[in-house]
Amino acid sequence: MPADPAALKLYGGIGSPYTMKVRAALRRMRLDHVFILIDDAAAKRTAEVRPPIIPVLEHADGRFETDSTPMLQRLAAAHPAAPAIYPENQAERFLALLIEDFADEWLTKAMFHFRWAYEADAELLSRQLAFDRLRSAGVDALEDAAAWFKDRQIARMTIVGCTAETAGLIEAGFERVCAALNAHVSTHAPFLFGSGPSVADFALYGQLFQLQRDPTPGERMRNTSPWLQRWIEWVDDAAGFEGAPQRLDASGPLRGLMDEIGAVYLPFLAANAASFNAGQSQFECAIRGGVWRQPVFKYQVKCLNALRESYEALDVASRARIGEALNADAAIEILS
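It should be emphasised that the depicted structure is a prediction, and the values quoted were computed from it without experimental measurement.

## A short note on the pattern of salt bridges
Scanning the entire structure with this criterion turns up 26 salt bridges. Residue Asp61 pairs with Arg63 through a salt bridge whose shortest N-O separation is 2.8 Å. Judged by its relative accessible area of 57%, Asp61 falls in the exposed class. Note that Arg127 and Glu123 form a salt bridge whose closest N and O atoms lie 2.9 Å from each other. You can see Arg127 and its partner Glu123 sitting in helix H5 (residues 119-134), 4 residues apart, about one turn around the helix. Residue classification places Arg127 among the partly exposed positions, given a relative accessible area of 39%. With a relative accessible area of 26%, Glu123 lands in the partly exposed category. Within the structure, one salt-bridge network assembled from shared partners comprises Glu119, Glu123, Arg127, Glu143 and Lys150.

## Topic: the nonpolar core
Nonpolar side chains tend toward joint burial in soluble globular proteins. Judged by nonpolar contacts, the single largest core of 94 residues is most densely connected at Ile99, Leu192, Leu208, Leu257, Leu266, Ile322 and Leu326. Per-element accounting of this core gives the leading share, 16 residues, to helix H4 (residues 90-117). Every residue in contact with Leu257, bar those within four places of it in the chain, is listed here: Ile99, Phe102, Val177, Ala180, Leu181, Leu192 and Leu204. Counting 6 residues, the second largest nonpolar core, distinct from the first, contains Tyr11, Ala42, Val49 and Val56.

## Overview of the environment of Met111
Structurally, Met111 can be placed in helix H4. Sequence separation between Met111 and Leu211 is 100 residues; the distance between their C-alpha atoms is 5.7 Å.

## Notes on the pairing of strand S2 (residues 33-37)
Pairing between strand S1 (residues 8-12) and S2: 5 bridges, direction parallel. In the sheet register, Leu10 faces S2, and the bridge partner there is Phe35. Taken together, S1, helix H1 (residues 17-29) and S2 form a β-α-β motif whose crossover is right-handed.

## Observations concerning the side chain of Ser16
Residue position: Ser16 is located in the loop between S1 and H1. Every residue in contact with Ser16, bar those within four places of it in the chain, is listed here: Ile54 and Gln210.

## Examining unusual backbone geometry
Cis geometry marks the peptide bond from Arg50 to Pro51; its omega dihedral reads -5 degrees. By the secondary structure assignment, Pro51 is in the loop between helix H2 (40-45) and strand S3 (56-58). A cis amide bond, omega 5 degrees, links Ile54 with the succeeding residue Pro55. Mapped onto the fold, Pro55 is located in the loop between H2 and S3. One non-glycine residue with positive phi stands out, namely Arg30, at about 60 degrees. With respect to the secondary-structure elements, Arg30 resides in the loop between H1 and S2. Among the residues examined, Arg30 registers a relative accessible area of 47% and is labelled partly exposed. A positive phi angle is found at Arg135, which is not glycine, with a value near 55 degrees. With respect to the secondary-structure elements, Arg135 resides in the loop between H5 and helix H6 (139-155).

## Thoughts on the packing of H4 against H5
Between H4 and H5, the least distance of the axes is 5 Å, while the angle of their chain directions is 100 degrees. Looking at the two axes, H4 sits roughly perpendicular to H5. For the pair H4 and H5, the contacting residues are Phe114, Arg115, Trp116 and Ala117 in the first and Glu119, Asp121, Ala122, Leu125, Ser126 and Leu129 in the second. Split by residue class, the contact of H4 with H5 holds 6 nonpolar, 1 polar and 3 charged.

## Focus: H6
Between its first and last C-alpha, H6 extends 24 Å over 17 residues, near the 24 Å set by a 1.5 Å rise per residue. Every buried residue of H6 is accounted for by Leu142, Ala146, Phe149, Lys150 and Gln153. Down the axis of H6, the sector holding all buried residues measures 105 degrees, keeping them to one side. Along H6, exposed side chains directed more than 90 degrees from the buried face belong to Asp140, Asp144, Trp148, Asp151 and Ala155. Looking at the packing, one finds that the buried side of H6 touches H4 and H5.

Analysis parameters
- Residues numbered from 1 in each chain as written.
- Predicted model: local features only at pLDDT ≥ 70, side-chain atom pairs only at ≥ 80, totals over all residues.
- Heavy atoms only, no water.
- Salt bridge = Lys/Arg side-chain N within 4 Å of Asp/Glu carboxyl O.
- Buried < 20%, exposed > 50% of the residue type's maximum accessible area, 1.4 Å probe, protein only.
- Helix = DSSP H or I, 4+ residues; strand = E, 2+ residues; numbered from the N terminus.
- Core = buried A, V, L, I, M, F, W, Y, C linked by side-chain atoms within 4.5 Å.
- Contact = heavy atoms within 4.5 Å.
- Pairing = 2+ DSSP bridges.
- Right-handed = clockwise from strand over helix to strand, strands pointing away.
- Axes fitted to C-alpha atoms, helices over the stretch in contact; angles between N-to-C directions.
- Parallel < 35°, antiparallel > 145°, perpendicular 65-115°, else oblique.
- Nonpolar A, V, L, I, M, F, W, Y, C, P; charged D, E, K, R; others polar.
- Expected span 1.5 Å × (residues − 1).
- Arc of directions from axis to C-beta.

Read these as geometric descriptors, not functional statements.
Below is the structure:
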């Protein structure tokens, strides 16, 4: 059956956490869409889209857009009758956006680290990603592309702070996040904000989908977080769940997730922004008894500014709720 010409077209890759995040949200919202695994032909169609990242969403009128966070905000606003992916309460919505940001900008470092720091993972994933792009181009072409891509990604590890120095910090943080989520979904609620998934669930899912499929982190998740691993399959297509995102219970297992955001992610964002504003190219900050070093990222300055603007717009009661959820004065000072 031919696709509905009014359907959204999502160009991306199975190995892209942001592609999977958006695809899961589209499924949850029950919006007509076609997923197009990007190859050279699809890449030419989207070549002029800026920034040059995936996923790319094409609308029926020919418009293209990227950047999963504002993309989902615009889709939700344009389809108010679709199942909600944001809590209605403004304080809870802020918390959902904060967790989404954490997953997109910090948990992705765990995905990148495991994928390219371990030889077995790097060998497998480079081949899989080359196959996704080149399809049936022949074994020699696939092996050449895989080797090139593997070398490129490993060379980029220091750019995102994934080094031998930070490896222990990354892996310990990944394990804390998995433990918190595994305990929550098995004892408290099917999703972070109750009975319905939100952008927070989709963003975490996007990264965890990759991690649970890759050899090294996948084995760890199977051994320590079996309920979370199955939960990932739920979020992949949550169209059939009833309920809507409502309130985050930060007093239970999710305390571990919120502590990670307050003690690790927000200080990281603040140090990055301070160095950017000072005109520096590198920055470092103390994290969980270790030191994180990496080049400054301009986009993550934008992320912090967006969080601060959202926090500033909240009323006093909502800010008190954020303080309760984060339970860290230093984290609130960064947002203020």
